[in-house]
Amino acid sequence: MERILRKSGSLLVEENEDGKILFSDIEERKVAYAERYAEYPFAAEFAYEKNSQTLEEIHGDTDSFRLSAISSRGKTLMKEYLSVDGAVKVTVKQTFRQGVLSQTCAIKNVGAARLCVKKLANRFAGIGGACLSGDYLTGIKIGVVRGEWGGEGQLHWESPETLGLFRATGHKTGCSGDISSVASYTTRKFSPIVFFRDEKAGTVWAVQHLPDGPYNLEISLTDAERVEGSMYKITCGAGDSEKQGFRLYLRKGAEYRCSETLFSCAKNLSAVSETLTAYRRKYLKKHEAAPLMFNDYMNCLWCKLDEKACLSLMDTAKKVGAEGYCFDDGWYRAKDVNGFTGLGDWNPCDERFGGHTFAEMIGEIRSRGMVAGLWTELEVCSALSEASKFPKTWFLTNDGERVYRCGRYYFDFSNKEVCKYLIEKIRAVYNLGIRYIKNDYNGHPGCGVDWKNASPYAGLEQHCRRVNAFYAEVRKEFPDLYLENCASGAMRADGNTMRNFNVQSVSDCEEYYKIPSILNGTLLSLLPEQLGVWTYPYPRVFWEMNGEEYLTSEYIAERKDGEETIFNLINGMMGNMYLSGKIDVADEENLSLIARGVELFKNLREFIGKSYPVYPLGFARLTDKNSFAAQGLKNGKKVLLAVWRREGENDEAFIPVKNAVSVKEIFPCRSFAVKKEKGGIRVGFNKKNQAVLLELTLSGRR
């Protein structure tokens, strides 16, 4: 059969004339029996009632389709597949640009009967072609990014067997490994990104799904009956009927579209990360980076806002160079009132700030030439709110009852009155002068909700699509309003959600020395300029949040050398710095360090916004306190390189950067022992939990 080659950058995709994928790689491969492993670029399952009199049911899957039409326009390819009975059509849209294949697929009911869609997903196959002639178990490692609240971005390289991928017999196998989120917390346990690494050649395939809420990434084998070896494929969609309970019903002429997925391949992880970063920056990033905000929550006021504390922090934030001040949780309720009171009402509480109304407090921020911001959680309300008394039709339900989870009810964004209500709440604070909203999401409605013509699981995806549409409407209504996606500290930090936001909170991690590990893995999925990195020198840690008892002579002495402040600031320079901490009690030395660090970050911001991540020491584990950590941001021949010593006894780190021609320390400028050696640079530290920021100049050679 004829082979068709699609190419973009280093990515090559070979197909046959039936529209099936043969190989995906960075070089052409002509392997015997390749047709045995050919896969359609989508996966589908469906059912419909052909004859209501005889109750005859028709069931179909991917093999029920045949390529019926193909067309191209520019870099976009459209393929139509029709079921053999002509009742169902799948359209696959593929765009090849900048080394990335972007794909979506849609299923349409073109028959007379109501169609039950049981699965629709993008599929990418032909991964690891060399495994056909070698050991498919040891020839590939699969990279997944695991996470937990306060411990995001943990890249793990797994063996296929660990994920459940192995051939038990000579028969064609149906085994698979699944990376999934069955709720609207899309990055709680896993980020929707998977890597495949050829252990011999080093080639890395990357697949990033851009989900609307729940998703399932199914990794499986493309083996054939009684044939040695196998390649890999990955299927990316919301899920299916058997595993997750996905069912969506389409009337005649109706269509369901799967969320977009990105696919790329390059010579190594850094190269494929560069490709995806460049693509996301050009095609997914819709809004400018956020200003450098000071937020009064993390390791700071912990919701205990008052006039004196906030004004003191405003003055200090302005003094050190912050561009905005954000009131976090507490601005809408009186002191010493239950934290859930008024959640969803969003009415400013004037008595909170003593001698100032809330409008006057906003005026205090603006009078200092700073952007005024506040915290919200727009998708929910608490039982202790007036909003909870709205009709049941305003809320998500399950089995007809309002969903109440994590102390919250959840608004139904298919109700136009809900959207109108929330837009007006935003308008009210906007008219007071608010130009920055930190939008949180500290709970989710579970794995399913009631939805017309959908199972609960499929209904949850439909709800999430309405939520994303709402935020798009907010952007349209208030074009100069900055939006931060907090999501309980990166629990919904996926690339699709970020289309509507300026910045993503990287984590709710309160221990500054863990942030480098979180940064390493998170930068695989998000742009550096979108990554809001908490920077909290002089912290009031959570377990010392009440009163001023934490501010002891021992506390002050521990921070006298400024190393904790430096470590924090360098964390922030690997993304979009997000300042907090009780900086208004810092001594002059630490205050000077903060001001210098903020000024340096602002000078580096343009560079950061054009950079892509590099990993000279690989990926630091959150649980390994003894190893060094490093993170680089590369732009042209320059690399901004952060190096962190953690708890280990070794006081030197060798950083392998083969083509570095010069290196200099740019923060804190305390004459760190830094020298260039053959194959890299060596950095000396004299204390634990110490950090330095370097600037490297590279030769033209890779």
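Residues numbered from 1 in each chain as written. Predicted model: local features only at pLDDT ≥ 70, side-chain atom pairs only at ≥ 80, totals over all residues. Heavy atoms only, no water.

Q: Give a description of the overall build of the protein chain that names residues and reports values.
A: The helix and strand tally for the protein chain stands at 11 helices and 41 strands. For 702 residues, the compact-globule estimate of 2.2 N^0.38 gives 27 Å, and the C-alpha radius of gyration of the protein chain, at 27 Å, lies within 12% of that figure. By principal-axis analysis of the C-alpha atoms, the protein chain measures approximately 80 × 70 × 45 Å. Looking at the protein chain as a whole, 62% of its 702 residues are labelled buried. Taking as baseline every contact in the protein chain between residues at least 6 positions apart, the subset at least 24 positions apart corresponds to 69%. Only carbon and sulfur atoms are counted for the fraction: they give 48% of the accessible area of the protein chain, which is about 26600 Å². (Helix = DSSP H or I, 4+ residues; strand = E, 2+ residues; numbered from the N terminus. Rg over C-alpha atoms; globule rule 2.2 N^0.38 Å. Buried < 20%, exposed > 50% of the residue type's maximum accessible area, 1.4 Å probe, protein only. Contact = heavy atoms within 4.5 Å. Areas by Shrake-Rupley, 256 points an atom, 1.4 Å probe, with all protein chains shown as cover.)

Q: Describe empty space enclosed by the protein, naming the residues involved and giving the relevant values.
A: One water molecule sets the probe size; rolling that probe over the atoms shows where empty space is left. A full pass over the atoms with the stated rule returns 9 cavities of 30 Å³ or more. Its volume calculated, the largest cavity comes out at about 130 Å³. What lines the largest cavity is a set of 16 residues, and nearest its centre among them are E152, T187, S191, A493 and T522. Taken together, the elements giving at least two residues each to the lining of the largest cavity come down to β31 (503–505) and α8 (515–522). For the lining of the largest cavity, the residue count by class is 5 nonpolar, 9 polar and 2 charged. Here the second largest cavity defines a volume of roughly 70 Å³. Residue lining of the second largest cavity: S184, P211, D212, G213, C464, V467, N468, R492, D494 and T497, and that is the complete set. Considered class by class, the residues forming the lining of the second largest cavity number 3 nonpolar, 4 polar and 3 charged. (1 Å grid on protein atoms, 1.4 Å probe; cavity = no way out; pocket = protein on both sides within 12 Å on 5 of 7 lines; lining within 4 Å. Points joined across faces, edges and corners; volume = space filled by probe spheres on them. Nonpolar A, V, L, I, M, F, W, Y, C, P; charged D, E, K, R; others polar.)

Q: Describe helix α5 (residues 416–431), listing the residues and the values that go with them.
A: Look at α5: 22 Å from first C-alpha to last across 16 residues, which is about the 22 Å you get at 1.5 Å a residue. Every buried residue belonging to α5 is among V418, C419, Y421, L422, I423, K425, I426, V429 and Y430, and all of these are buried. As for α5, its buried residues are in contact with β23 (371–376), β29 (434–439) and α6 (456–477). By the N-cap criterion, in which a side-chain oxygen at the helix start approaches the backbone nitrogen of a residue two or three places on, α5 is capped by N415, the distance to E417 being 2.8 Å. Positive backbone phi, approximately 115°, marks G433, located one or two places after α5. (Expected span 1.5 Å × (residues − 1). Polar contact = N/O pair within 3.5 Å; in protein donor to acceptor, adjacent residues only side chain to side chain.)

Q: Give me the sheet that holds strand β39 (residues 673–677): which residues, what numbers.
A: Sheet strands pair by backbone hydrogen bonding; their relative direction is either parallel or antiparallel. Sheet architecture is open: 3 strands sit in the order β37-β40-β39, paired in antiparallel fashion. Either end of the sheet is taken by a strand with one partner, and the two such strands are β37 (652–655) and β39. Averaged over neighbouring strand pairs, the angle between their axes works out to 15° when direction is ignored. Taken together, the 4 bridges between β37 and strand β40 (residues 680–684) define a ladder with antiparallel strand orientation. Its bridge partner being in β40, F654 is matched across the sheet by R682. (Pairing = 2+ DSSP bridges. Axes fitted to C-alpha atoms, helices over the stretch in contact; angles between N-to-C directions.)

Q: Tell me what's going on with the pattern of salt bridges, and back it up with residues and numbers.
A: Enumeration according to the criterion identifies 48 salt bridges in this entry. With its nearest N and O atoms 2.9 Å apart, the salt bridge here joins E39 to K233. With E39 in the loop between β3 (21–25) and β4 (42–51) and K233 in strand β17 (residues 232–240), the pair connects residues that are 194 residues apart, well separated along the chain. Accessibility classification places E39 together with K233 in one group, the buried group. Two residues, E377 and R408, come together in a salt bridge whose shortest N-O distance is 2.8 Å. Residue E377 is located in the loop between β23 and β24 (380–381), and its partner R408 is located in strand β28 (residues 408–410); the two are separated by 31 residues in the primary sequence. Across this residue pair, the class does not change: E377 and R408 are buried. Salt bridges sharing common partners tie together K119, D178, E218, D240 and K243. (Salt bridge = Lys/Arg side-chain N within 4 Å of Asp/Glu carboxyl O.)

Q: If you had to explain the layout of surface pockets to someone new, which residues and values would you point to?
A: Reported here for the second largest pocket is a volume of approximately 520 Å³. Elements represented by at least two residues in the lining of the second largest pocket include exactly β4, β10 (115–127), β16 (215–221) and β17.

Q: Break down the packing of helix α3 (residues 307–320) against helix α4 (residues 358–367) for me, with residues and values.
A: One way to put it is that α3 packs onto α4 with a least axis distance of 10 Å and a crossing angle of 15°. The orientation of α3 relative to α4 falls into the category roughly parallel. Remark: the crossing between α3 and α4 carries right-handed chirality. Contacts between α3 and α4 pair E307, C310, L311 and M314 from the former with M361, E364 and I365 from the latter. Of the residues in the contact of α3 with α4, the class split is 5 nonpolar, no polar and 2 charged. (Parallel < 35°, antiparallel > 145°, perpendicular 65-115°, else oblique. Left-handed = near helix turned anticlockwise from the far one by under 90°.)

Q: If you had to explain α3 to someone new, which residues and values would you point to?
A: Along its 14 residues, α3 runs 20 Å from first to last C-alpha, staying within 8% of the 20 Å computed at 1.5 Å per residue. Taken residue by residue, α3 has A309, C310, L311, L313, M314, T316, A317 and V320 as its buried positions. On its buried side, α3 packs onto β21 (293–295), α2 (297–301), β22 (324–327), α4, β33 (576–579) and α11 (588–608). Measuring from the backbone nitrogen of K308 back to the side-chain oxygen at the start of α3 gives 3.2 Å, which picks out D306 as the cap.

Q: Kindly report on the sheet that holds β3, identifying the contributing residues and their values.
A: Taken together, the 3 strands give an open sheet; going across it, the order is β1-β2-β3, and neighbouring strands pair in antiparallel fashion. Single-partner strands in this sheet number two, and they are β1 (3–8) and β3. Within this sheet the neighbouring strands show an average axis-to-axis angle of 15°, counted without direction. Sheet analysis places strand β2 (residues 11–16) next to β3, joined by 4 bridges and oriented antiparallel. When the bridges of β3 are listed, L12 appears paired with D25.

Q: Give a description of the packing of aromatic side chains that names residues and reports values.
A: Counted under the stated rule, the structure contains 45 aromatic pairs. On the numbers, 5.7 Å between centres and 75° between planes, the contact of Y185 with Y441 is edge-to-face. On the criterion of sequence distance, the pair formed by Y185 in the loop between β13 (176–181) and β14 (190–198) and Y441 in the loop between β29 and α6 is long-range, its members being 256 residues apart. According to the relative accessible area criterion, Y185 is buried, its value standing at 7%. (Phe/Tyr/Trp six-rings, centres within 6.5 Å; stacked < 30°, edge-to-face > 60°.)

Q: Explain the side chain of N485 to me, using residue names and the numbers behind them.
A: By the secondary structure assignment, N485 is in strand β30 (residues 482–485). On the accessibility criterion, N485 (0% relative accessible area) is buried. Here the side chain of N485 touches R492 through a polar contact of 3.0 Å, landing on its backbone oxygen. Not counting chain neighbours up to four residues away, the residues in contact with N485 comprise N439, R492, A493, T497, M498, F501, V503, Q504 and S505.

Q: Requested: an account of the nonpolar core, with residues and values cited.
A: Core analysis: the biggest nonpolar cluster contains 166 residues, and F195, Y325, F327, W331, F411, F470 and L693 have the highest contact counts within it. Among the elements that make up this core, the one with the highest residue count is α11 (9 residues). Look past the residues within four positions of F195 in its chain and what remains in contact with it is K141, I142, G143, V145, L155, W157, V204, W205, A206, L269, V272 and L524. Y136, I140, V144 and C175 belong to the second largest nonpolar core, which has 31 residues in total. (Core = buried A, V, L, I, M, F, W, Y, C linked by side-chain atoms within 4.5 Å.)

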